[in-house]
Amino acid sequence: MLYPEVPDHPVPVRFLFVLLNSMDNYPGETFRIGRAIGALLSDEVFQKVALHCEERNTLVDAVDEFLSQIVVIPPAKCSTEARWTRDEGADESAVRHVGMLYANFSHEDRLCSQAFYSEEFDSNKRISMAGQHSGLEAGQPTRTGQLFGGLVQDIRQKLPWFPSDFLDFFRGRLSQSLACTLVLFLANLSNIITFGAVMERSLHHQMASIENIICGALSGVVFGMFSGQPLNILSATGPTLIFERILYDFCTAKHWEFLPFRLYVGVWMTFYLLLLVATDASAL
């Protein structure tokens, strides 16, 4: 839009922000993103951070500190006669720590400041990892001591969000939801057909693409309905093909029927999975 004129002006450029947005967007979305980036890059403290920082985490923290210190004025909603006064309840001790590292930044201070920030980031990371290992993190599976207690606890935790997992498909940009559905459907179907054709030759027509399509449809629908995650891909894969081939060779060597034996393998897998769920084995 500004291509023929802008490059001809001798304007010094230090930062370049490229925004790729689709045609299907909210009114004024691209313009507001540009205004936000312009306000961010006009800040002198953030300019020094963006110019001299060497880690992505430093840049993200600088953005967070900038947003916590500014006052957002809605466009075309402020009168020229309005006067902004200082907030009496503001905490003067709240400073922009990352920005102050680069306030009077020079090339000699680069290593010192980066070492300080890396040490602080590593300490926070160690604290987070310690919390994970101690089992204090929210949502982590815990042993209840009751039969199927973990399953009941998981259902109670996810039940309030169960309808939104499906209704969110119709909210927002419907075109993106349809595109994701089509891509996942084709990705699932292509794997089923490909490995089903190979499986038909390996198992001597005992199982083929049609059986894989039926199994993928039934298991995928049931799994999606009860788990509240309709975007999971359940299809035949390479390890499944290898397992079926080994099982077929074993049945052939023992002179057993393959399909009945395969049925009992599935029954035993179901039994062991129910046993693991009943004993809260996921909390180990």
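Each value, and the rule that gives it
- Residues numbered from 1 in each chain as written.
- Predicted model: local features only at pLDDT ≥ 70, side-chain atom pairs only at ≥ 80, totals over all residues.
- Heavy atoms only, no water.
- UniProt positions renumbered as here; feature names shortened; annotations may be inferred.
- Helix = DSSP H or I, 4+ residues; strand = E, 2+ residues; numbered from the N terminus.
- Buried < 20%, exposed > 50% of the residue type's maximum accessible area, 1.4 Å probe, protein only.
- Contact = heavy atoms within 4.5 Å.
- Areas by Shrake-Rupley, 256 points an atom, 1.4 Å probe, with all protein chains shown as cover.
- pLDDT = per-residue confidence, 0-100.
- Expected span 1.5 Å × (residues − 1).
- Arc of directions from axis to C-beta.

With an unreviewed UniProt entry as reference, the chain is termed Anion exchange protein, source organism Meloidogyne javanica. Annotation of the chain in UniProt includes, under Sequence similarities (unreviewed entry), the sentence "Belongs to the anion exchanger (TC 2.A.31) family." Looking at the chain in UniProt, the text filed under Subcellular location (unreviewed entry) is "Cell membrane".

Caption draft 1: Spotlight on the overall build of the chain. Helix and strand counts for the chain stand at eleven helices and zero strands. In the chain, the order of α-helices and β-strands from amino to carboxyl end is α-α-α-α-α-α-α-α-α-α-α. Scored against the burial criterion, the 284 residues of the chain give a buried share of 17%. Here the analysis covers contacts within the chain between residues at least 6 apart in sequence; of these, 62% occur between residues at least 24 apart. Here the chain displays about 22,000 Å² of accessible surface, and carbon together with sulfur accounts for 65% of that area.

Caption draft 2: Inspection of unusual backbone geometry at higher detail. With a phi close to 60°, phenylalanine 148 is a non-glycine residue in the positive phi region. Looking at the secondary structure, you find phenylalanine 148 in the loop between helix H5 (110-133) and helix H6 (149-158). Notably, aspartate 280 is not glycine yet its phi reads approximately 55°, a positive angle.

Caption draft 3: Highlighting the confidence of the model for the chain. For the chain, the mean per-residue pLDDT works out to 75, and 69% of the residues sit at or above 70. Across the chain, the secondary-structure element scoring lowest on mean pLDDT is H5, at 46, and the one scoring highest is helix H11 (residues 258-278), at 92. Within the model, pLDDT remains below 50 along residues 116-138, and this stretch shows 13 contacts once partners closer than five positions in the same chain are excluded.

Caption draft 4: Local environment of helix H3 (residues 56-69). Between its first and last C-alpha atoms H3 spans 20 Å; for 14 residues at 1.5 Å apiece the expected length is 20 Å, and the two agree. Residues of H3 that are buried include every one of Thr58, Ala62, Glu65 and Phe66, and no others. Axial view of H3: buried residues confined to an arc of 100°, hence all on one face. The exposed set on the far side of H3, more than 90 degrees from its buried face, consists of Arg56, Leu67 and Ser68.

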